[in-house]
Amino acid sequence: GAVVSQHPSRVICKSGTSVKIECRSLDFQATTMFWYRQFPKQSLMLMATSNEGSKATYEQGVEKDKFLINHASLTLSTLTVTSAHPEDSSFYICSARRLAGGYNEQFFGPGTRLTVL
Amino acid sequence: TQLLEQSPQFLSIQEGENLTVYCNSSSVFSSLQWYRQEPGEGPVLLVTVVTGGEVKKLKRLTFQFGDARKDSSLHITAAQPGDTGLYLCAGPRNQFYFGTGTSLTVIP
């Protein structure tokens with residue numbers, strides 16, 4: 001299967017600081033990547049769709065100025081949580097879309113655990 | 001509103017029992033994927049179903065896509081503790097949406 005990496009795997013930061021999370025597709029090119037947020041024992045909630053070379057598409061209720069997304073290349077998307085606060089603490093997961101056999105498949109990164117003190 | 005509803009939400013069974021997880025939607029999907037996720041890790045793709053009525057088997061796991069491509073099921077035979085995890089169905093529309101999830105615990 002395809003491999004997607006995320007960095008860092010976990011980060012602890014002080015309230016008010018900004019945190020950048022990287023998502024890379026290691027063995028395929030991804031014109032589209034997705035960012036999700038997940039709370040314990042719950043499903044993944046889509047935050048935004050990251051498109052290479054264009055602006056991200058945010059889901060309703062997600063602040064685009066709070067969660068900055070950049071998709072600079074076909075293998076890299078970044079999510080920056082700006083001026084983080086304790087309520088931003090969560091598990092953030094990215095995925096990269098690959099077209100295979102005429103249909104789309106999603107491959108997920110291992111996630112980033114963000115803790116804001 | 002959740003596009004994909006899963007049931008049950010939580011399931012705790014004894015080792016050796018069989019179980020079925022359902023994924024339902026009012027919308028038609030071109031394909032559906034099933035994932036398994038362990039705590040602190042990203043979801044891992046188990047299978048993709050594409051054709052209405054399709055059945056795919058992965059060892060003790062059997063996946064079925066509904067004839068109308070609006071629903072899918074996952075059946076596990078003789079569950080083992082290693083099957084414990086969060087099972088998620090997901091499907092592409094303009095974006096890629098996940099089901100509500102089923103948290104499975106298999107007790108030794």
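Check the entry above for the structure.
It should be emphasised that the depicted structure is a prediction, and the values quoted were computed from it without experimental measurement. (Residues numbered from 1 in each chain as written. Chains lettered and ligands numbered in written order. Predicted model: local features only at pLDDT ≥ 70, side-chain atom pairs only at ≥ 80, totals over all residues. Heavy atoms only, no water.)

(A) Geometry of the environment of Ile 21 of chain A. Residue and element names in this part refer to chain A. Of note, Ile 21 is situated in strand β3 (residues 19-25). The class for Ile 21 is buried, based on a relative accessible area of 0%. Taking the C-alpha atoms as reference points, Ile 21 and Ala 100, 79 residues apart in sequence, are found 27 Å from one another. When sequence neighbours within four positions are dropped, the list of residues in contact with Ile 21 reads Gln 6, His 7, Pro 8, Trp 35, Ser 77, Thr 78, Leu 79, Tyr 92 and Thr 112. (Helix = DSSP H or I, 4+ residues; strand = E, 2+ residues; numbered from the N terminus. Buried < 20%, exposed > 50% of the residue type's maximum accessible area, 1.4 Å probe, protein only. Contact = heavy atoms within 4.5 Å.)

(B) Fine view of the packing of aromatic side chains. Taken as a whole and assessed by the stated rule, the structure comprises nine aromatic pairs over all chains. Ring centres 6.5 Å apart and planes at 45° place the aromatic pair Phe 34 of chain A and Tyr 36 of chain A in the tilted group. Each of the two residues, Phe 34 of chain A as well as Tyr 36 of chain A, counts as buried. Where Tyr 36 of chain A meets Phe 98 of chain B, the ring centres are 5.3 Å apart and the plane angle is 80°; that geometry is what we call edge-to-face. With Tyr 36 of chain A in strand β4 (residues 32-38) and Phe 98 of chain B in strand β10 (residues 96-98), the pair connects residues from two separate chains. (Phe/Tyr/Trp six-rings, centres within 6.5 Å; stacked < 30°, edge-to-face > 60°.)

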